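# Observations on chain architecture
Residue-level listing of the chains:
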Amino acid sequence: MSLPRPIVFGNWKMHGLRRDALALAGSLAERYVRPSGSLGIFPPFTVLAEVARRVAGTRMIVGGQDCHDRPEGPFTGCVSAPMLADAGARAVILGHSERRHGLGERDEWICRKVQAAWGSGLLVVLCIGETEAEWLAGRRFEVLDRQLAGSLPEEVPAGRLVIAYEPVWAIGTGRTPTLEDIRDTHAWLRQRLRARRPAVGDLPLLYGGSVKPENAGDIMAQPDVDGVLVGGASLDPEQFWRIYLAGGGS
Ligand code: PGA
């Protein structure tokens with residue numbers, strides 16, 4: 001999938017009853033005509049199909065927030081990659097810290113989910129990031145290296161992967177790393193991917209964690225930051241659109 005910059009993705013998390021979700025999606029669809037960049041929204045499963053229908057005909061990407069690694073079976077409460085695709089999703093977020101840390105998901109399982117998502121033709125937004133304790137202990141790169149090695153399959157198909165660096169301590173807290181830190185981390189990630197996965201070393205890298213209209217422009221101006229993954233501010237169409245504009249989108 002070709003993803004013109006800026007790439008601005010909104011993770012709605014567990015927010016959005018049908019009426020609000022459709023209003024939010026509709027409001028974005030009205031603005032997103034003849035777009036220069038890539039806008040994506042990741043609503044809850046319950047509204048995904050309706051939201052996908054609401055924005056059909058625009059280039060907006062609609063995705064799920066997780067999927068199981070098996071196509072079907074006795075897995076109560078889970079949703080598979082073919083189900084997401086069937087509902088109109090073109091992408092899926094995997095390895096989000098709220099699942100890694102909140103629900104105990106491990107790299108090996110995330111790796112199998114990534115493979116399953118690709119099997120259904122989905123774009124994967126793979127999230128990685130260190131906790132505050134790891135950050136303070138100066139272990140950021142070691143953690144990112146481990147997560148990359150553990151959750152990325154050996155063969156990465158072209159155009160099917162975006163990596164989002166989301167420091168756990170910046171998610172929903174209003175705190176962000178300094179611009180210099182974001183630049184360093186993304187430069188490190190780029191160099192690491194080029195060395196280890198030369199075929200896809202230039203894949204899009206997003207920053208996520210307390211992105212707002214006020215800081216989005218500076219963050220997306222950093223080298224090797226191709227866009228942002230937005231949580232809270234993606235629930236307000238005005239704010240989300242301002243973030244997209246701040247990254248140079250139109
Ligand atoms: P936030 O969440 O923008 O609310 O910090 C980001 C995310 O979890 O992807």
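Here we summarise the structure given alongside this text. Not measured: the values here are computed from a predicted model.

### Examining the side chain of Asp226
- In this fold, Asp226 is placed in the loop between α9 (213–220) and β8 (227–230).
- Residue class for Asp226 comes out buried when judged on its relative accessible area of 12%.

### A short note on the pairing of strand β3 (residues 61–64)
- Burial along β3 is two-sided: the residues Ile61 and Gly63 and Val62 and Gly64 are all buried.
- Bridging between strand β2 (residues 38–42) and β3 involves two bridges; their strand directions are parallel. Across the sheet, the residue bridging to Gly40 is Ile61, located in β3.
- Considered for its hand, the β-α-β crossover made up of β3, helix α3 (residues 81–87) and strand β4 (residues 91–94) is right-handed.

### Focus on the pairing of β4
- Covered by surrounding structure in β4 are Ala91 and Ile93 together with Val92 and Leu94, the residues of both alternating faces.
- The pairing of β3 with β4 spans two bridges and is parallel. Each bridged residue has a counterpart across the sheet, and for Gly64 the counterpart in β4 is Val92.
- Relative to strand β5 (residues 123–128), β4 runs parallel, the two being bridged by four bridges. For Ala91, the partnering residue across the bridge sits in β5 and is Leu123.

So, how was this worked out
- Residues numbered from 1 in each chain as written.
- Predicted model: local features only at pLDDT ≥ 70, side-chain atom pairs only at ≥ 80, totals over all residues.
- Heavy atoms only, no water.
- Helix = DSSP H or I, 4+ residues; strand = E, 2+ residues; numbered from the N terminus.
- Buried < 20%, exposed > 50% of the residue type's maximum accessible area, 1.4 Å probe, protein only.
- Pairing = 2+ DSSP bridges.
- Right-handed = clockwise from strand over helix to strand, strands pointing away.

Interpretation in functional terms is not warranted from these geometric data alone.
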